[in-house]
Amino acid sequence: MDEPVAHSRLRLSLRLAAVLVVVSLLTLFAWATLSAGKGSGFTAKIAAGERPPAPPFELEVVWEKRSSWPGTLDALLTDRRLALAELRGHPVVVNFWASWCIPCRDEAPVLNESARAHGGEVVFVGVNVQDLRSDALAFLREFEPPYVSIRDTGNETYETYGLTGVPETFYLDAQGRAVAHSLGAVSRGTLEQGISAITGGGQS
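In this numbering scheme, every chain counts its residues from 1 along its sequence in written order. For a predicted model such as this one, the threshold for reporting local features is a pLDDT of at least 70, and the threshold for listing and counting side-chain atom pairs is 80 or more; totals across whole chains, interfaces and linings nevertheless cover every residue. Side-chain metrics in this entry use all non-hydrogen atoms of the structure; hydrogen atoms and water are not considered.

Asks: Just to check I follow, could you spell out the sheet that holds strand β2 (residues 81-83) for this structure?
Replies: To summarise the sheet geometry, strands pair through backbone hydrogen bonds and adopt either a parallel or an antiparallel arrangement. Spatially, the seven strands line up as an open sheet ordered β2-β1-β5-β4-β3-β6-β7, and their pairing is mixed. Sheet topology places β2 and β7 (178-183) at the edges, where each strand pairs with a single neighbour. Each adjacent strand pair in this sheet contributes to an overall mean axis angle of 30 degrees, direction not counted. DSSP-based pairing: two strands are paired if at least 2 bridges between them are found. Each helix is a run of H or I in the DSSP string that is no shorter than four residues. Each strand is a run of E no shorter than two, and both are numbered from the N terminus. Note that strand β3 (residues 92-97) and strand β6 (residues 168-172) share five bridges and pair antiparallel. Among the inter-strand pairings, V93 is bridged to a residue of β6, identified as Y171. Each of β1 (58-63), β3, β4 (123-129) and β5 (148-152) is contacted by helix α4 (residues 133-143), which is oriented at about 55 degrees to β1, the strand it contacts most. Think of each axis as a best-fit line through the C-alpha atoms, taken over the contacting stretch in the case of a helix, with angles from 0 to 180 degrees between the N-to-C directions. Contacts are assigned to residue pairs with any non-hydrogen atoms lying within 4.5 Å of each other.

What follows is the structure, encoded as structure tokens:
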């Protein structure tokens, strides 16, 4: 094969490879943008004080302990799944977390303490995301939350809630409306403020 022909083919291969890289990056960027935008309207409405309905979910239960839950919910979880709709009529704190998340570890004792303090009044639910099941279980056994945790095996719930990372916490009133939203690890004060808003203490 002539050297000019070989060089020409090499240049063509390099150009094709470069085009493929650019197309792949653009596709990835478009996917990430669409995914991030899925729930952005939901979180924006919360920030604007509109109290939008929380997106529904039905997910696998990975942690069944629920000593802080109202006794009226004891019949749930027989199928090892939990749907948000099943909690209607109760104020709910939904906390998204992952075992690899350091702030999630920092806030775990605060959430546990608050769940016990509001036992029978407020339903706490943990939603494990972007995690290995074994790691999630190890985390739960370490911190022993007195409330149920469920697991999002894909990214659907993560995206529909407009998460930008973990931890994030949503405060839903008894009608299933999102009243408040906390980004990052919750402090005791932030958590109590959100709970007050969904139990009547923070409503006008």
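Asks: Any chance you could explain the side chain of H118 here in plain terms?
Replies: Among the secondary structure elements, H118 is positioned in the loop between α3 (102-117) and β4. By the criterion applied in these results, polar contacts are pairs of N or O atoms within 3.5 Å in which, for protein atoms, one can donate a hydrogen and the other can accept it, and in which residues neighboring in sequence qualify only through two side-chain atoms. Within the structure, the side chain of H118 is placed 2.9 Å from the side chain of E192, a separation counted as a polar contact. Beyond its immediate sequence surroundings of up to four residues, H118 is in contact with E192 and I195.

Asks: Would you explain the confidence of the model for the protein in this entry?
Replies: The predicted coordinates should not be examined in detail at positions where pLDDT is low. Per-chain confidence: the protein averages 88 in pLDDT, with 80% of residues scoring 70 or above. The pLDDT value tells you how sure the predictor is about a given residue, anywhere from 0 up to 100. Taken together, the stretch residues 23-37 has pLDDT below 50 and engages in two contacts with residues farther than four places along the chain or on a different chain.

Asks: Would you explain the nonpolar core in this entry?
Replies: What we call a nonpolar core is a set of buried Ala, Val, Leu, Ile, Met, Phe, Trp, Tyr and Cys residues that are connected through their side-chain atoms within 4.5 Å. Between buried and exposed lies partly exposed: a residue is buried under 20% and exposed over 50% of the maximum accessible area for its type, with that area taken using a 1.4 Å probe on protein chains only. Core analysis: the largest hydrophobic core is formed by 56 residues, its most contacted members being W69, L82 and L87. If we ignore the near neighbours within four places in the chain, the residues touching L82 are F57, E58, L59, V61, W69, L76, L77, L87, V125, V148 and I150.

Asks: What exactly am I supposed to notice about the packing of aromatic side chains here?
Replies: Each pair of aromatic rings is reported with the distance of its centres and the angle of its planes. Each Phe, Tyr or Trp ring (for Trp, its six-membered ring) is paired with any other whose centre lies within 6.5 Å, and the angle between the two planes then decides the class: stacked below 30 degrees, edge-to-face above 60, tilted in between. Taken as a whole and judged by the stated rule, the model has nine aromatic pairs. Geometrically, the ring pair formed by F124 and Y147 is tilted, given 5.6 Å between the ring centres and 40 degrees between the ring planes. Taken together, the positions of F124 in strand β4 and Y147 in the loop between α4 and β5 put the pair 23 residues apart, joining distant regions of the chain. A single burial state applies to F124 and to Y147, both of which are buried. Chaining the aromatic ring pairs together yields one cluster made of F42, F57, F96, Y161 and F170.

Asks: It is not clear to me how empty space enclosed by the protein should be interpreted in this structure. Could you clarify?
Replies: Over the atoms a probe the size of a water molecule is rolled, and this reveals where empty space is left. Definitions used throughout: a 1 Å grid over protein atoms alone; a cavity as a set of points that fits a 1.4 Å probe which cannot get out; a pocket as an open set with protein on both sides within 12 Å along at least five of seven lines; a lining residue as one with an atom within 4 Å of a point. Grid points are joined across faces, edges and corners, and a volume is the space filled by probe spheres set on the points. One pass over the full model with this rule turns up two cavities of 30 Å³ or more. When its volume is computed, the largest cavity comes out at roughly 90 Å³. In terms of lining, the largest cavity is formed by 13 residues, of which the most central are N95, W97, A108, F139 and Y147. The set of elements that each furnish at least two residues to the lining of the largest cavity consists of β3, α3 and α4. At five residues, α3 tops the list of elements feeding residues into the lining of the largest cavity. Amino acids are sorted into nonpolar (Ala, Val, Leu, Ile, Met, Phe, Trp, Tyr, Cys and Pro), charged (Asp, Glu, Lys and Arg) and polar (every other residue, Gly among them). Of the residues assigned to the lining of the largest cavity, the class counts are nine nonpolar, three polar and one charged.

Asks: How should helix α2 (residues 40-47) be read in this particular structure?
Replies: Every α-helix winds through 3.6 residues per turn, so residues three or four apart in the chain are directed the same way. Burial in α2 covers these residues: F42, T43 and I46. For α2, the buried positions fall inside an angular range of 90 degrees around the axis, keeping them on one side. Where α2 is buried, its residues touch α5 (156-160), β6 and β7. G49 sits one or two residues past α2 and shows a positive phi near 80 degrees. What the arc describes is the spread of directions from the helix axis to the C-beta atoms.

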